[in-house]
Amino acid sequence: MRRTAAALALLAACTGALQAQPALVGRVGDTPQYAAIVPAARPLAAPAPARVALGRQLFMDTRLSQPQGTSCASCHDPAKAFTSFNGGRDGVASGSLRERLGTRNPPSLTYARFIPPLYFYQDDDAQVPAPFGGLMLDGRADTLAAQVREPLLARHEMNLGTPQAAAQRLRASGYEAEFEAQFGAGVLRDPQRALQAFGSSLEAYLQSDELSPFDSRFDDLLRGKPALTPLELRGLAVFRNPDQGNCASCHSVSVTSSNPARSLFTDFGYEALGVPRNRKLPANGRADAFDLGLCRTAEQRHWPDSESWCGYFRTPSLRNVAVRSRFMHNGVFDSLRDAVRFYATRSTSPADWYGRHPAFDDLPAAMRGNVNIVSTPLNRRAGSTPAMSEEDIDAVVAFLGTLTDKRYAKPPPR
Amino acid sequence: MHALLSSPRAPFALALSAAAAAVVLASCGGSDSVVATTVDPQVKAAWVEIGANGQTIVRAITAASACPKIAIDGITGTMSLRAAAATVPLRTTASDPADSKPSAFPVTTCESLPKAGTSEVFVAGRSLPLPKAQPQRIAVLADTGCRMKKADNAWQACNDGTAWPFAAIAATAAAMKPDLVMHIGDYHYRENACPNDIAGCKDSPWGYGWDTWEADLFKPGAPLLAAAPWIVSRGNHEECARAGQGWSRFLDVRAFDPSMSCDSPANDNSANFSDPYAVALGSDTQVVLFDSAKAGTTAFPATDYKFPIYQAQFRKVAAIAADTSKTTLFANHHPILAFAPIAGGAPAAGNVGLQAVMKTLYPTAYYPDGVKIALHGHVHDFQALNFSSAHPATFVTGNGGDNLDVNLPDPFPANTTPAPGVVLDRITHTNTFGFMMMERSGSQWLYKAYTKTGKLLTTCVPTGSKISCDKTGFLAP
């Protein structure tokens, strides 16, 4: 009994969870439903420095791919807010085999430490429980450790293929002594243990303050400094106004909180936005090929009516969004202004976004009813006045530029 | 107990303004002028409600242990004790015990019941508004409090009038000089302590005691409380495990008995319910107030203890609505024949629990004969629904200040119904903050939706149980 308790304590420390989960009130399929939201601003354990150091080394190591030459950093470049394309194109990244392209825009890993495992919550006024959290844009990984193991093996990413191959590559790359020092004797001789240790190491690095510095100009504002220009402040107002951008209804911000973790610019919830199909992606060469997002996870976790979640993707943090060069889950937009303008005019000028194709063309016709058509500003009729003007859009884009961490920031506008 | 009920009216007071009345009262030789002109800082709130049988109810909340003086038509007396100051021991609440606390009511709630026809009432230097025989304007609003709820991780910036605009809404509505105010429930939302690092709600009171009611309702709503008598309906936020203790002390039109109240969870199965009653809106209209605080959001079976309670209450609604000399409106918190929006899904139907109860009594009509229009809150938006089937047109006015819900789809999906057998004709809706004003126009009431700043969004004209709004679909603010 005591040993179990100790093991649980260790597990909690390893996963960075100091605070107990909210009370379990039920399950939706295999997924827990809690009595409360898991707040972003919860206390998280600081990862052990040695583990962080090992994780950083692994993250940058281009030997850990087949063929060699691709590391985690190739698609999550620390110099580019932990996102990049490894020579890919049109919004998706190349794998270690250059001809193999991914299907999604690589997400930034900054501030990913705050994403909780996938769960459901239902407010007592809500009609149905709603999912939150989960790593990957479809929530299929519950921890960073689980997430980082996938690209190591995936054929279109680092392509090591199997746990055995991954363990062998780690040994061949000279990690055996360090892994044994941290995870015990023989760890790289057992492929499953090796993968677990690899995941734990990467997780520690991703949980380090290096990826969550909270030193943007917006954070300066939270700390009481007059850090934003009038245009940026107007953008913040539009961003928060429920009659205009209404962005903060999903991209959560608490402008009066001195705790920047309350302003991660995501509620970790899911939305089906009906983003236009990225027709340049090889994966979309077949007309019947679709990235359905959360419903694949829903199916795996036995949620009832899993198809009702097709087209949903987890709301990403907007911190460092201005550092990115491609936007939305399929990378269809190459400018931040287009991404913001899409929200403003998706419903008022659908032809601007879908051309001759039907609206919500990146979903099968039968699933387009899942798309959110009720949240402001997505709810206006075609031909009506958008909830955000062109000037509002400019202001929001200017404001989003204030969410850039100091290491990526250009000098502020005069 | 209510000696003033039999007090003679000052025969000349009707024609006098409040200021002039104070002079006249002084000339009568009593202490009326003191009551009329002297502000008593101990009195935290004073207002008027209308209860069953048209009873005018004057309420006051004072920090003193004794009730304040009241001058009714020139006669000075002392208000009666309704609820003494008390701290109610911690009971089961909607929150975890660690996030709950005993409800402190360090105030005395007092009341007086002036007789019909009373023309002037003064309490603590305030002239209180009294019911008019023929009200011309009725402000209608709901869901007004500032949300502080740990389970939702929701910390509305109560200190920011933009983020929580109830004070602005109250001021705007009050400036339109309503003759009545109808609040359709959910006054109180400050349930859990604001985290220390959030300035937006920093230092806000929390829990269910007087301080939270003062912050959520009595201070920001002061202009509306001073403007007109209130007609009150109870929301799910005022059920016993939430703000029921304050509801029964401050707003419930019935007599207060602490031994039968929400103070003890042992009373919940009775204290969460109250019988419907009617309030006249002039000589030709009445509104039935229905307490649905415990209706919940999911269906409950006929074997549930709530089922026969609500069933009996709807029979009483039928008896009230049987008065064919009046147009009967029905007001309760939970929408019955209206919608709850869902992002990425079809709008949810009305309250399925109440619908199931109503179907046992009125299988296709849901409402008893005589109910022409239904008024609700709960969903944080504005909706005006007209049905081509024989069902009462319905308004939802839950956009009074708490965090908004998402909109309904526009255009509205065909064949979507709030209840089986109910056929929607037209729906007009928006989720911007605001309120509704009922305005008398000849023999009927116009229903006008306004934004928080007083911009008119739509006007709906009733004909029997139908309405015709001058706009359809989403109303851009």
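Residues numbered from 1 in each chain as written. Chains lettered and ligands numbered in written order. Predicted model: local features only at pLDDT ≥ 70, side-chain atom pairs only at ≥ 80, totals over all residues.

(A) How the structure looks around the overall build of chain A. Looking only at helices and strands, chain A features 13 helices and six strands. The C-alpha radius of gyration of chain A comes to 21 Å, within 12% of the 22 Å expected for a compact globule of 414 residues. Out of the 414 residues belonging to chain A, those deemed buried represent 52%. Sequence-distant contacts in chain A: of pairs separated by 6 or more residues, those separated by 24 or more amount to 66%. (Helix = DSSP H or I, 4+ residues; strand = E, 2+ residues; numbered from the N terminus. Rg over C-alpha atoms; globule rule 2.2 N^0.38 Å. Buried ≥ 20, exposed ≤ 12 C-beta atoms within 10 Å, placed from the backbone. Contact = placed C-beta atoms within 7 Å.)

(B) Local environment of the domain arrangement of chain A. All names here are of chain A. Parsing chain A into structural domains produces domain 1 (1-211) and domain 2 (217-408). Placing a centre on the C-alpha atoms of domain 1 and another on those of domain 2 gives a separation of 24 Å. Residue-level contacts link 32 residues of domain 1 with 36 residues of domain 2. With three residues, the top contributor of residues to the side of domain 1 that touches domain 2 is strand β4 (residues 130-132). Considered class by class, the residues forming the side of domain 1 that touches domain 2 number 15 nonpolar, 11 polar and six charged. (Domains from an automatic or database assignment. Nonpolar A, V, L, I, M, F, W, Y, C, P; charged D, E, K, R; others polar.)

(C) Molecular detail of the sheet that holds strand β2 (residues 31-34) of chain A. All names here are of chain A. The sheet built from four strands is open, its strands ordered β1-β2-β3-β4 with mixed pairing. A single partner strand is all that each edge strand has here, and the edge strands are β1 (24-28) and β4. On average, each strand axis in the sheet is inclined to that of its neighbour by 40°, with strand direction left out of account. In the sheet, strand β3 (residues 119-121) pairs with β4 via three bridges, with the strands oriented antiparallel. Its bridge partner lying in β4, Y119 is registered against F132. (Pairing = 2+ DSSP bridges. Axes fitted to C-alpha atoms, helices over the stretch in contact; angles between N-to-C directions.)

(D) Molecular detail of the pairing of strand β16 (residues 277-280) of chain B. Residue and element names in this part refer to chain B. Of the strand pairs in this sheet, β16 and strand β17 (residues 285-289) are connected by four bridges, and their pairing is antiparallel. Bridge pairing links Y277 to L289 in β17. Once β16 ends, the chain turns through four residues before running back antiparallel as β17, passing G282 with a positive phi of about 90°.

(E) Seen up close, the pairing of β17 of chain B. Residues and elements named next belong to chain B. Here β17 lies mainly inside the structure; five of its five residues are buried. Burial along β17 is two-sided: T285, V287 and L289 facing one way and Q286 and V288 facing the other are all buried. Pairing between β17 and strand β18 (residues 327-331): five bridges, direction parallel. When the sheet's bridge partners are listed, L289 is paired in β18 with A331.

(F) Structural view of the interface of chain A and chain B. Opposite the 28 residues of chain A that make contact, chain B presents 29 residues. Here the residues of the side of chain A that touches chain B are counted per class, giving 10 nonpolar, 14 polar and four charged.

(G) Representation of the environment of W206 of chain B in the model. Residue and element names in this part refer to chain B. Within the element layout of this structure, W206 appears in the loop between β14 (180-183) and α4 (210-218). Taking the C-beta count within 10 Å as the criterion, W206 has 21 such neighbours and is therefore assigned buried. As a C-alpha pair, W206 and V232 span 26 residues in sequence and 23 Å in three-dimensional space. Those residues in contact with W206 that lie beyond four places of it in its chain are M148, R190, E191, N192, A193, C194 and T212.

(H) Layout of the confidence of the model for chain A. Averaged over every residue, the pLDDT of chain A is 93; residues scoring 70 or more account for 94%. Contacts of residues 1-18 of chain A to residues separated by more than four positions or lying in other chains number 12 contacts, the stretch itself having pLDDT below 50. (pLDDT = per-residue confidence, 0-100.)

(I) Region of the structure containing the domain arrangement of chain B. Residues and elements named next belong to chain B. According to the domain assignment, chain B consists of domain 1 (3-126) and domain 2 (137-474). The distance between the C-alpha centroids of domain 1 and domain 2 comes to 26 Å. Every contact between the two is made by 29 residues of domain 1 and, on the other side, 27 residues of domain 2. Sorting the residues of the side of domain 1 that touches domain 2 by element identifies β1 (43-50), β2 (56-62), β5 (80-83) and β7 (103-105) as the ones contributing at least two each.

(J) Here's a closer look at helix α6 (residues 244-251) of chain B. Among the eight residues in α6 of chain B, eight count as buried, and that is most of the element. Every buried residue belonging to α6 of chain B is among G244, Q245, G246, W247, S248, R249, F250 and L251 of chain B, and all of these are buried.

(K) Region of interest: the sheet that holds β16 of chain B. Residue and element names in this part refer to chain B. The strand order across the open sheet built from eight strands is β16-β17-β18-β19-β21-β20-β22-β27, with neighbouring strands paired in mixed fashion. Only two strands of the sheet have a single partner each, and these edge strands are β16 and β27 (473-474). As paired elements, strand β20 (residues 382-387) and strand β22 (residues 424-430) share six bridges and run antiparallel to each other. Note on β22: the bridge partner recorded for F387 is L424.

(L) Region of the structure containing helix α8 (residues 306-321) of chain B. Here α8 of chain B spans 22 Å end to end across 16 residues, near enough to the 22 Å set by a 1.5 Å rise per residue. Close packing links the buried residues of α8 of chain B with β17, β18, α9 (352-361) and β19 (371-376) of chain B. (Expected span 1.5 Å × (residues − 1).)

(M) Looking closely at the packing of helix α2 (residues 49-60) of chain A against helix α7 (residues 191-206) of chain A. All names here are of chain A. Running from N to C, α2 and α7 point in directions that differ by 100°, and their axes come no closer than 7 Å. Here α2 lies roughly perpendicular to α7, going by the angle between them. Facing R51, V52, L54, G55, R56, L58 and F59 of α2, the residues of α7 in contact are F198, S200, S201, L202, A204 and Y205. For the contact of α2 with α7, a count of residues per class yields eight nonpolar, three polar and two charged. (Parallel < 35°, antiparallel > 145°, perpendicular 65-115°, else oblique.)

(N) Representation of unusual backbone geometry. With an omega of -5°, the peptide bond running from Q66 of chain A to P67 of chain A counts as cis. Secondary-structure assignment places P67 of chain A in the loop between α2 and α3 (72-75). Geometrically, the link from D410 of chain B to P411 of chain B is a cis peptide bond, its omega value of 5° lying close to zero. Note that P411 of chain B resides in the loop between β21 (393-397) and β22. Positioned with a positive phi, K177 of chain B is a non-glycine residue whose angle comes to about 55°. In this structure, K177 of chain B sits in the loop between α3 (166-175) and β14. What makes K177 of chain B exposed here is the crowd of 12 C-beta atoms within 10 Å. For Y366 of chain B, which is not glycine, the phi torsion reads 65° and is therefore positive. For Y366 of chain B, the location among the structural elements is in the loop between α9 and β19.

(O) Expanded view of the nonpolar core. V123, V140 and A331 of chain B are the most contacted members of the largest nonpolar core, which totals 236 residues. Looking at this core, the element that brings in the most residues is α7 of chain A, giving eight residues. Those residues in contact with V123 of chain B that lie beyond four places of it in its chain are V43, A46, V58, A60, P68, I70 and L128 of chain B. One finds C75, F85, L101 and L281 of chain A within the second-largest nonpolar core, a separate group that totals six residues. (Core = buried A, V, L, I, M, F, W, Y, C linked by C-beta atoms within 7 Å.)

(P) Geometry of the packing of α8 of chain B against α9 of chain B. All names here are of chain B. Across the interface, α8 lies against α9 with an axial gap of 9 Å and an inter-helix angle of 55°. When the axis of α8 is compared with that of α9, the two are oblique. The two elements α8 and α9 meet at a crossing, and its hand is right-handed. Of the residues in α9, those in contact with F307, Y310, Q311, F314 and R315 of α8 are L354, V357, M358, T360 and L361. Tallied by class, the residues present in the contact of α8 with α9 amount to seven nonpolar, two polar and one charged. (Left-handed = near helix turned anticlockwise from the far one by under 90°.)

(Q) Structural detail: the environment of D361 of chain A. Residue and element names in this part refer to chain A. Here D361 is to be found in the loop between α12 (351-354) and α13 (390-400). For D361, a count of 19 C-beta atoms within 10 Å gives the class partly exposed. In this structure the C-alpha to C-alpha distance between D361 and C295, which are 66 residues apart in sequence, comes to 17 Å. Excluding anything up to four places from it in sequence, D361 contacts P276, R277 and Y354.

(R) Geometry of the confidence of the model for chain B. Residues and elements named next belong to chain B. The predicted model of chain B has a mean per-residue pLDDT of 93, with 93% of residues at 70 or higher. Throughout residues 1-30 the model reports pLDDT below 50, and contacts reaching past four residues in sequence, or to other chains, amount to 45 contacts. Across the whole predicted complex the pTM is 0.92, and at the interface the ipTM reaches 0.90.

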